[in-house]
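A look at the structure
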Amino acid sequence: MTQAPTDTLAVELCGVDKSFYGVKANDNVDFKLAQGEVHALLGENGAGKSTLCSILAGLYRPDAGDVFFEGEEVTFKNPKEALASGVGMVYQHFRLVSNLTVAENFALGHPDTGVRLNQKEIHKAARELGEKYDLPIDPAARIWQLSVGEQQRVEILKLLYRNVKILILDEPTAVLTPQEGQALFKTMRQMAAEGRSVIFVSHKLDEVKQVSDRVTVLRNGKTVGGVATADADTRELARMMVGRDLVLPTRDTVEDFGDVMLSVKDLHVPGDRGLEAVRGMSFDIREGEVIGIAGVSGNGQRELAYGLVGLRKPSAGSVVLDGADITNNTVLEHIDAHQGYVPQSRLGMGLAPGLTTDENLALKAYRSPPYSKGRRLVASAFRDEGDRIVDEYDIRGVRPGLPIRLLSGGNLQKALVAREIELEPKVLILRSPTRGLDVGATEQVRNLILKERARGVATLLISEDLDELLALSDRLLVIFEGEIVGEMPAEEATAERLGLLMSGQVEEASA
Ligand SMILES: Nc1ncnc2c1ncn2[C@@H]1O[C@H](COP(=O)(O)OP(=O)(O)OP(=O)(O)O)[C@@H](O)[C@H]1O
Ligand SMILES: [Mg+2]
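Model, not experiment: these values are computed from the prediction.

Focus: the site of ligand 1
If you check the shell around ligand 1, you find 20 residues, and the closest are G46, K49, S50, T51 and L406. In the model, an oxygen atom of ligand 1 is placed 2.9 Å from a nitrogen or oxygen of the G48 main chain. Note that an oxygen atom of ligand 1 is positioned 2.9 Å from one of the backbone N or O atoms of L406. Calculation on ligand 1 without its partners gives an accessible area of 630 Å², and the protein chains cover 88% of this total. Of all the secondary structure elements, the ones that give two or more residues to the shell around ligand 1 are α1 (49-56) and α14 (409-422). When grouped by side-chain class, the residues that make up the shell around ligand 1 number 7 nonpolar, 10 polar and 3 charged. There are two domains that each give the shell around ligand 1 at least three residues, and those are domain 1 (9-242) and domain 2 (260-502).

As structure tokens, this is what we get:
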């Protein structure tokens, strides 16, 4: 499917430096992008990928170094200038205005807005582009009504509407189902075939192998090297990224688990628009057991988690933790009952973006020692405990006073998981815990989860990533439209079997 890109350089970056608060995010980086290629950018969390992309897209100005665009030196002062030259980026965190329609978002910032553009034309163009690139969208829909995958389509189409020559996609597949990911790859190849260049940031090496022509690897802000994708296998790519061989941990088989630690009976949880999102789910999790919940996003995952951790009141059914009924308990009471929770959105729900790492690590524990003595908070405890946890869990990029939102995605996730584990949970509710993490960080987080399993923690792993589910779960449940439609021990689970159940197909009873 891949065809040889042309040799014409679309972009060249030479010796680019960029520091934030004394940390070199990009350190003398060289990067060459050919016209008509899909170029993967690989690197651990915090390696400097988003920074490099943001420089190219005009969001940041480099401290030093040169940027050449189609052979000419350029300095983009802002994203608008970059876009006018044909460089557009879809950010890791989207930038759409959520109460406007798709078409209104298309018009936003367009140079012809108010002059020649009218809504009818935009609707037509949006629909046509959607068809051409196999990214269907409804131009009249409001952004908040769309799934994350659909919002991403809007971001991409919006840039195609501006006829970009270079499209930068920063971890686009982290928010997509496997099927949506495959559709996006087709679109990427189509754009490359048209002579556009695509920069594709991803942590998933098999994706990089599948879709890219070339790979550039960054480590600690420096260029490690570039290779033609066909010349490197995933093992080598992983080694280039982390500088050592990696073995992703998988669970060992356990015959006997302990007593039932979490028991969920006929649980019903309302959805956002009045309809029931969880429609009578029952399951038990024993000590030391990991139960994986597989399903296409939007089939009740969010509401199941909310119902279990006290963020949404179940309309019927019961949740019993270690013998105590916690069905209608508050969030605080769930924490006190030693239930840990890693939510889907790290910065939205999990962490307080404006607080420091130390403060975030103490967020659930500050009401008791060592953080509090009587009614007084002990400042030194925040610092000492913070230092200890940062060290123990290898959270990188932390500096005194720095708001946690400035850490890279992988480090945010490590901080979140560390905080929950530090509460010595009896039950852990995890949503896609390694989403967006590099292979090294994935290894670390998986090891943390398996260590808790060995300690006897009962874990519920809700994920759309089948690799993650298959690697960690002892038993798998498949949910579809709010109900459990399949159950199997890990030994009998395959991606194909799960995928079929996830799409709502009923398995024939084995004779
Ligand atoms: N706006 C900012 N302010 C302060 N530090 C920043 C900022 N943006 C990035 N950094 C730091 O620069 C380094 C590189 O970050 P960058 O986001 O480019 O990494 P990344 O390779 O995209 O990581 P990830 O895979 O987690 O997305 C990190 O140490 C990060 O904490
Ligand atoms: Mg990034």
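Concerning the packing of aromatic side chains
Inspection of every chain in the model, using the stated rule, returns 5 aromatic pairs. Ring centres of F20 and Y60 lie 5.2 Å apart, and the angle between their planes is 70°; this geometry places the pair in the edge-to-face category. One end of the pair, F20, is in strand β1 (residues 9-20); the other, Y60, is in the loop between α1 and β4 (64-69), and 40 residues separate them in sequence. Taking the relative accessible area as the measure of exposure, Y60 reaches 28% and is therefore partly exposed. Where F69 meets F76, the ring centres are 6.2 Å apart and the plane angle is 70°; that geometry is what we call edge-to-face. Per residue, the accessibility class of F69 equals that of F76, and both read buried.

Overview of the pattern of salt bridges
Across all of its chains, the model carries 30 salt bridges by this definition. With its nearest N and O atoms 2.5 Å apart, the salt bridge here joins D272 to R302. Highlighted residues: D272 in the loop between β11 (260-270) and β12 (276-286) and R302 in helix α9 (residues 301-309), separated in sequence by 30 residues. Take D272: its relative accessible area is 49%, and that puts it in the partly exposed class. Residue class for R302 comes out partly exposed when judged on its relative accessible area of 30%. For E487, the salt bridge is made with R475, and the minimal N-O distance between the two is 2.3 Å.

Overview of the sheet that holds strand β19 (residues 427-431)
Strand order in the open sheet formed by 6 strands is β16-β19-β20-β13-β21-β22, and the pairing between neighbours is mixed. Edge positions in the sheet fall to β16 (339-342) and β22 (483-489), since each has one partner strand and no second. Taking each pair of neighbouring strands and ignoring which way they run, the sheet shows an average axis angle of 15°. As defined by bridge partners, strand β13 (residues 290-294) adjoins strand β20 (residues 458-463) across 5 bridges and the pair is classed as parallel. Within β20, the position partnered with I291 by the bridge is L460. In the packing of helix α17 (residues 495-502) onto the sheet, contacts are made with β13, β21 (475-480) and β22, and the angle to β21 comes to roughly 30°.

Observations regarding the domain arrangement of the protein
Note on interface size: it is often stated as the accessible area lost on association of the parts. Looking at the protein, the domain boundaries give domain 1 (9-242) and domain 2 (260-502). Between domain 1 and domain 2, the contact holds 19 residues from the first and 21 residues from the second. Interface area for domain 1 against domain 2, summed over the two sides, is near 1,400 Å², with a carbon-plus-sulfur share of 56%. Three residues, Y21, N45 and H203, lead the burial of domain 1 against domain 2; their summed loss comes to 32% of the area buried on that side. Between domain 1 and domain 2 we count 0 salt bridges in total. If you look at where domain 1 meets domain 2, you find 2 residue pairs in polar contact (both at pLDDT 80 or more). Broken down by secondary-structure element, the contributors of at least two residues to the side of domain 1 that touches domain 2 are α7 (205-211) and α8 (234-242). Its residues assigned to classes, the side of domain 1 that touches domain 2 comprises 10 nonpolar, 5 polar and 4 charged.

Considerations on the packing of helix α4 (residues 119-132) against helix α5 (residues 148-161)
Running from N to C, α4 and α5 point in directions that differ by 110°, and their axes come no closer than 10 Å. Overall, the two elements α4 and α5 adopt an arrangement that is roughly perpendicular. Across the interface between the two elements, I122, A125, L129 and G130 of α4 pack against L157, L160 and Y161 of α5. Residue composition of the contact of α4 with α5, by class: 6 nonpolar, 1 polar and no charged.

Section: the environment of A141
Note on placement: A141 falls in the loop between α4 and α5. In the structure, A141 is positioned 42 residues away from N99 in sequence and 9.7 Å away in space, judged by C-alpha atoms.

Notes on the sheet that holds strand β7 (residues 166-170)
Strands sit in the order β6-β7-β8-β3-β9-β10 across an open sheet of 6 strands; the sheet is mixed. What marks the edges here is a single partner per strand, and that holds for β6 (87-90) and β10 (222-228). Taken pair by pair, the neighbouring strands of this sheet meet at an average axis angle of 20°, ignoring direction. When strand β9 (residues 214-219) meets β10, the two strands line up antiparallel, connected through 6 bridges. Note on β10: the bridge partner recorded for V217 is G225. Against the sheet, α1 makes contact with β3 (38-43), β6, β7, β8 (197-201) and β9, and its axis sits at roughly 140° relative to β3, the strand it touches most. Packing of helix α6 (residues 178-193) onto the sheet brings it into contact with β3, β7 and β8, and relative to β8 it is tilted by some 145°.

Digging into α17
Among all positions in α17, only L498, L501 and M502 are buried. Taken around the axis of α17, the buried residues stretch over an arc of 100°, which confines them to a single face. Against β13, α16 (466-472), β21 and β22 lie the buried residues of α17. Residue G504 follows α17 closely and has a positive phi angle near 95°.

Looking at the state of the cysteines
Evaluation of the coordinates by the stated rule reveals 0 disulfides. For C14, which is in no disulfide, the shortest distance to another cysteine sulfur is to C53 and amounts to 17 Å. On the basis of relative accessibility, which here comes to 25%, the residue C14 falls in the partly exposed class. Relative accessible area serves as the criterion here: at 2%, C53 is assigned to the buried category.

Parameters and conventions
- Residues numbered from 1 in each chain as written.
- Chains lettered and ligands numbered in written order.
- Predicted model: local features only at pLDDT ≥ 70, side-chain atom pairs only at ≥ 80, totals over all residues.
- Heavy atoms only, no water.
- Near = heavy atom within 4 Å.
- Polar contact = N/O pair within 3.5 Å; in protein donor to acceptor, adjacent residues only side chain to side chain.
- Areas by Shrake-Rupley, 256 points an atom, 1.4 Å probe, with all protein chains shown as cover.
- Helix = DSSP H or I, 4+ residues; strand = E, 2+ residues; numbered from the N terminus.
- Nonpolar A, V, L, I, M, F, W, Y, C, P; charged D, E, K, R; others polar.
- Domains from an automatic or database assignment.
- Phe/Tyr/Trp six-rings, centres within 6.5 Å; stacked < 30°, edge-to-face > 60°.
- Buried < 20%, exposed > 50% of the residue type's maximum accessible area, 1.4 Å probe, protein only.
- Salt bridge = Lys/Arg side-chain N within 4 Å of Asp/Glu carboxyl O.
- Pairing = 2+ DSSP bridges.
- Axes fitted to C-alpha atoms, helices over the stretch in contact; angles between N-to-C directions.
- Contact = heavy atoms within 4.5 Å.
- Buried area = accessible area lost by both parts, 1.4 Å probe.
- Parallel < 35°, antiparallel > 145°, perpendicular 65-115°, else oblique.
- Arc of directions from axis to C-beta.
- Disulfide = S-S within 2.5 Å.

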